[in-house]
Amino acid sequence: MKGGFYGLKVTQVSLILIAFVCIAVLGLAWTKTSLLTSLNPPQNHVLRLSPAGQDSNGKNVSEEKSNPEQLEENLGIVLLINSTETSPSASTKHNISSANKHDIPPSATEGAGLVVSENMNSSNIGEDDIVTPGSSLSPDVDTAKSSSNIGDGKDSTNSAAMQECNLSKGKWVSDESRPLYSGFGCKHWLSSMWACRLTQRTDFEYEKLRWRPKDCEMDEFTGPKFLERMRNKTLAFVGDSLGRQQFQSLMCMITGGEDRPDVLDVGKEYGLVKARGATRPDGWAYRFPTTNTTVLYYWSASLCDLEPIDPSNPAAEIAMHLDRPPAFLQRFLHRFDVLVLNTGHHWNRGKLNANRWIMYAGGVPNTNRKIADIGGAKNFTVYSTVSWVNSQLPRYPGLKAFYRSISPRHFFNGDWNTGGTCDNTTPLAGGKEVVSEESIDPLAAGAVKGTGVKLLDITALSQLRDEGHISRYSIKATPGVQDCLHWCLPGVPDTWNEILFAQI
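Anyway, here's the lowdown on the structure attached to this text. Quick caveat: nothing in here was measured; it's all calculated off a predicted structure.

Rules used throughout
- Residues numbered from 1 in each chain as written.
- Predicted model: local features only at pLDDT ≥ 70, side-chain atom pairs only at ≥ 80, totals over all residues.
- Heavy atoms only, no water.
- Helix = DSSP H or I, 4+ residues; strand = E, 2+ residues; numbered from the N terminus.
- Buried < 20%, exposed > 50% of the residue type's maximum accessible area, 1.4 Å probe, protein only.
- Areas by Shrake-Rupley, 256 points an atom, 1.4 Å probe, with all protein chains shown as cover.
- Pairing = 2+ DSSP bridges.
- Disulfide = S-S within 2.5 Å.

Focus on the overall build of the chain
Looking only at helices and strands, the chain features 14 helices and 17 strands. Counting every position in the chain, which comprises 504 residues, the buried fraction comes to 50%. When the accessible surface of the chain is summed, it comes to about 24,200 Å², and 54% of that surface belongs to carbon and sulfur atoms.

What to know about the sheet that holds strand β8 (residues 305-308)
On the basis of which strands lie adjacent, the open sheet formed by four strands has the order β8-β9-β11-β12 and mixed pairing. Each edge of the open sheet carries a strand with a single partner, namely β8 and β12 (364-365). Sheet topology note: the strand β11 (residues 357-361)/β12 ladder contains two bridges and is antiparallel. What sits directly across from Ala361, in β12, is Val364.

Some details on the state of the cysteines
For the coordinates displayed, the defined rule picks out four disulfides. In this model Cys165 forms its disulfide with Cys216; the gap between the sulfur atoms is 1.8 Å. Taken together, the residues span a long stretch of sequence, with Cys165 in the loop between α6 (153-164) and β2 (170-174) and Cys216 in the loop between β3 (209-213) and α7 (223-229) at a distance of 51 residues. Take Cys216: its relative accessible area is 23%, and that puts it in the partly exposed class. The disulfide bridge from Cys422 ends at Cys484, spanning 2.1 Å between sulfur atoms. Given an S-S torsion of about -95°, the disulfide between Cys422 and Cys484 has left-handed geometry. Placement of Cys422 in the loop between β13 (400-404) and β14 (433-434) and of Cys484 in strand β17 (residues 483-487) is noted, with a sequence separation of 62 residues between them. For the pair shown, Cys422 and Cys484 are each scored as buried.

Written out as structure tokens, the structure is:
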């Protein structure tokens, strides 16, 4: 009995010891967990990187409307307002590597989208002036732009490739195989006022330069290659006279500057016919029958809808609907496969008054002070039109849309109407290389950000080419105002088209 009892106690003691060991292990584990938990901050203290337009809880900031009656809020447009925070010269220094200390003229940066008028101070508008999506001025913009799932797998692949290769970053190099066409021969497609070979100009070194991107090789442009890539497709330029130059440049590049009797004038299909009393039609459209490729241009200096207030009166004022894209674009967008938009240099008070354009928004004369000045109106319009095109992309998944950044002006010692000149004939006197990843046209870059519309960024590389303008040369060799806005062709706009070709 005693031994049995003793044996039972031993068993009990063993069981008790095992229990104590288990409890000790569990206690240690619990202690460690508590310690680690105490070291981790609460969930609401964790720093999270939220997507643009959302707070840390994933809520769209843009949904919090501060004033639903604001016009710009209802239209969902980002505005540019006057400020003096950022100077154009500072922006230029970060983007262009200069070969020497030759100063880039102030007017060059004015043309870079940092100034909207020939008569405005270049320090009035800067990159910091753009009201970003999510602010009280435009609470719906970010949501509207990001809501469209643009593109198929092909677009995604192209986008990834473009992130690896910034075609606007690189340098100008000499190339004796240039130009791509003859300034003498391309008379059928090229306006004589832009064909500097037909003027008294004698230096043509500007024709011998080629743009070389830093991170990759651009696909070499040839007319047959372009036509094959654009088989059964239509490319449309919609913009001002610089857009017209890009259009004429492309026609010369495709044809090699040669006359092509087989090319068809199809302007009537798009209503591009010369109206009675007009100097020229509102645009041109040509079709290459071998590949059924159409290239067209439509003149829209303001990139917004223009509508006579009184259609029965030819002298009546014209409503300039800042929040509507051009009627031509609304009507024919479904027929385009590639679209290139631009605007810029017509945005000054003198030209608006001369054209009798009256600013409208929301279908009525504009009363919003934030878009009453030229700068605000221009940027309101650009964001509006780009946003509209972006909203249409899901309906036309094959459409590739571009907004081209502004072409720089190069007036030295004055402006276009105050004796400004661009007499330099030495290529790359102000530098030859662009080193920045960012565009120096903040308006263009901001307008396309978050959309399916791509940026055709040509500003910085063109800013290095002040010798390439029409300057004082003309067909009649008569003295007058120098043209330091438009380019000699062949010339810089050819490079714009090479970069465009590489992206389509």
